Amino acid sequence: MSSSTGPILAGPGLAGSGIPAEGTAPGQPKATRKLLIRTWGCQMNVYDSGRMADILAPLGYAPTERPEEADMVILNTCHIREKASEKVFSDLGRLRETKKERAAEGRQTIIAVAGCVAQAEGAEITTRAPWVDIVLGPQTYHRLPEMVARASRAAGAVIETDFPAEDKFDHLPEVRAPQGPVAFLTIQEGCDKFCSFCVVPYTRGAEFSRPAAAIIAEARQLASNGAREIALLGQNVNAWAGDSPDGKNWRLARLLRELAEIPGVARLRYTTSHPRDMDDDLIAAHGEIPSLMPYLHLPVQSGSDKVLVAMNRGHKADLYFRLADRLREARPDLALTSDFIVGHPGETPADFDATMKLVERVGFAGAYSFKYSARPGTPAASQPFTVAETDKDSRLQTLQALLRQQQDDFNRACVGRVVDVLITGTGRHPGQVAGRSPWLQPVHASGAAPVGAVVPMKLQAANPNSLSATFLPENPTSDPLAHEESAAA
Ligand code: 5AD
Ligand code: SF4
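Residues numbered from 1 in each chain as written. Chains lettered and ligands numbered in written order. Predicted model: local features only at pLDDT ≥ 70, side-chain atom pairs only at ≥ 80, totals over all residues. Heavy atoms only, no water.

Participant: Which parts of the structure should I look at to understand the side chain of Asp277?
Facilitator: Locating Asp277 in the fold gives a position in the loop between β14 (267–271) and α9 (280–288). Setting aside anything within four residues of it in sequence, one finds Asp277 in contact with Lys193, Asn236, Asn238, Ala239, Arg251 and Leu282. (Helix = DSSP H or I, 4+ residues; strand = E, 2+ residues; numbered from the N terminus. Contact = heavy atoms within 4.5 Å.)

If you want it as structure tokens, here you go:
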């Protein structure tokens, strides 16, 4: 089992297709075909799914959720979670039947497997599931139109999982479908850190930073399409070091300062970060850029120095303590969230205690915690000092109880405060709006406000899945940059 410790704070594992609502973006050909994208894993994958939908829109593909009407199905996979490939293969088994039924009606179905499982398993997929037409790794999405054309002609699968020298970002379309008030923007890919347990360096390749000018242009476009909150994404997002318009090389803090100037951008976030790359300027930026949200996902994995060394994390617990203190000095309302692994090879009860002590000392507003599970090909997978499953189970339970308690405390401490809420849509009940707080908590309130408005609200109660809030009596809902339509009747 691997799980998050609670539902209120959205973390790094957001799932969803990332495909815009039914229909075609302005200026694109009439939709004549249907595309289903299923997405597993992190926000990077959600972003990639959105980009694949953008790339295929000019070919006439409009999104659908229903496999039986899909002319093309893309499974965008993630290898970080346990048993990822089995889940993909069982989905492929069901799609084989749908493909057969559609073929009997004379309709073609192109099936593609993308993402990290595709990267790691490559040709193995088409051997085990010969009805798959396309296998593509994360570095080759820009070649999708060509692959689709080849697949619709070809007998036999098209496989593209190399790491090409060219930059995949250069080939992605400029026009991005409207994403709503919250948008994701990938600025960095890959990882050179080689943590003992992790497949990412093998599946996503070396660290690569997009140039600042391209990121700024994309952010401007997102803002003009209505994005009010932009989340910068990267496997090691705070390792970003990109070419800048002034011919220099910027680090993330400088980029954030630039993005904060874009009209309409009310909120900025970035995820996922590594403690080693939290430089002084980035820490200072948290105190200096008002639109940089007071929320940081900073995985630590373990509180034991011995385990951190075994994990090849490149820092000790003390660095994490210092970072937490300095970040909170810069931005006192900053909420920290993290990832933890229990039962890494060699982890003793004393090592696990050190993790519990770290959690007690730092205090987290949310976290994801996992039992270690071996990923073939990673250094930890060949280590002999394994921890018994029963010990992993009990450690995970103990850790999650503390993390859940901290998360509940954090949410309850918010009650009574007046905070800015970004309106994202309608609530579950009639007459309600839904939105998110600066700390990514889902918020709902009775009343009406335009989607995209940032509205001060008083938080009234912490429920299991969200916070309830009320508008302030003076009803300050006239944010000039909000969308036209109203989120609630
Ligand atoms: N076992 C357990 N958890 C893992 N993670 C990555 N690889 C493994 C593994 N082999 C967790 C880490 C990482 C998060 C995205 O997934 O905590 O930060
Ligand atoms: Fe994986 Fe470590 Fe790189 Fe994060 S920093 S992606 S855990 S290798």
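Participant: Sorry, what's going on with the pairing of strand β5 (residues 110–114) here?
Facilitator: Every other side chain in a regular strand lies on the same face of the sheet, so the side chains alternate between the two faces. Among the five residues of β5, five are classified as buried, and the element is accordingly described as predominantly covered. Burial along β5 is two-sided: the residues Ile110, Ala112 and Ala114 and Ile111 and Val113 are all buried. Where strand β4 (residues 72–77) meets β5, five bridges bridge the pair, whose relative direction is parallel. Pairing of Val73 across the sheet is with Ile111, part of β5. (Buried < 20%, exposed > 50% of the residue type's maximum accessible area, 1.4 Å probe, protein only. Pairing = 2+ DSSP bridges.)

Participant: Looking at this structure, I do not really get the pattern of salt bridges. What am I missing?
Facilitator: When the charged atoms of two side chains with opposite charge come close together, those side chains can pair. Under the counting rule described, the total for this entry stands at 31 salt bridges. Between Arg38 and Asp91 there is a salt bridge, with the nearest N and O atoms lying 3.0 Å from each other. Of this pair, Arg38 sits in strand β2 (residues 33–39) while Asp91 sits in helix α2 (residues 84–104); the two residues are 53 residues apart in sequence, bridging distant segments of the chain. Given a relative accessible area of 27%, Arg38 falls into the partly exposed group. A salt bridge links Asp351 to Lys306; its shortest N-O distance comes to 2.7 Å. Here Asp351 is found in helix α12 (residues 349–362), whereas its partner Lys306 is found in helix α10 (residues 305–310), with 45 residues between them in sequence. Owing to a relative accessible area of 8%, Asp351 belongs among the buried residues under this scheme. Exposure remark for Lys306: the relative accessible area of 46% places this residue in the partly exposed category. One salt-bridge network, in which partners are shared between bridges, spans Arg51, Asp54, Arg210 and Glu218. (Salt bridge = Lys/Arg side-chain N within 4 Å of Asp/Glu carboxyl O.)

Participant: Where do I start with the site of ligand 1 in this structure?
Facilitator: The full set close to ligand 1 counts eleven residues, and Phe197, Gln301, Asp339, Lys371 and Ser373 are the nearest of them. Phe197 places a main-chain nitrogen or oxygen 3.0 Å from a nitrogen atom of ligand 1. One of the side-chain N or O atoms of Asp339 is found 2.6 Å from an oxygen atom in ligand 1. When isolated, ligand 1 has an accessible area of 410 Å², and the protein chains bury 89% of it. Of all elements in the fold, only β16 (335–342) and β17 (366–371) reach the threshold of two or more residues within the shell around ligand 1. Its residues assigned to classes, the shell around ligand 1 comprises five nonpolar, two polar and four charged. (Near = heavy atom within 4 Å. Polar contact = N/O pair within 3.5 Å; in protein donor to acceptor, adjacent residues only side chain to side chain. Areas by Shrake-Rupley, 256 points an atom, 1.4 Å probe, with all protein chains shown as cover. Nonpolar A, V, L, I, M, F, W, Y, C, P; charged D, E, K, R; others polar.)

Participant: Explanation requested: unusual backbone geometry in the structure shown.
Facilitator: A negative phi angle is the norm for most residues apart from glycine, just as the trans form is the norm for most peptide bonds. Residues Thr271 and Thr272 are joined by a peptide bond in cis, for which omega reads 5°. Of note, Phe194 is a non-glycine position whose phi angle comes to about 50°, a positive value. Structurally, Phe194 can be placed in the loop between β9 (188–189) and α6 (200–203). In this structure, Gln301 takes a positive phi of about 75° despite not being glycine.

Structural measurements only, silent on function.
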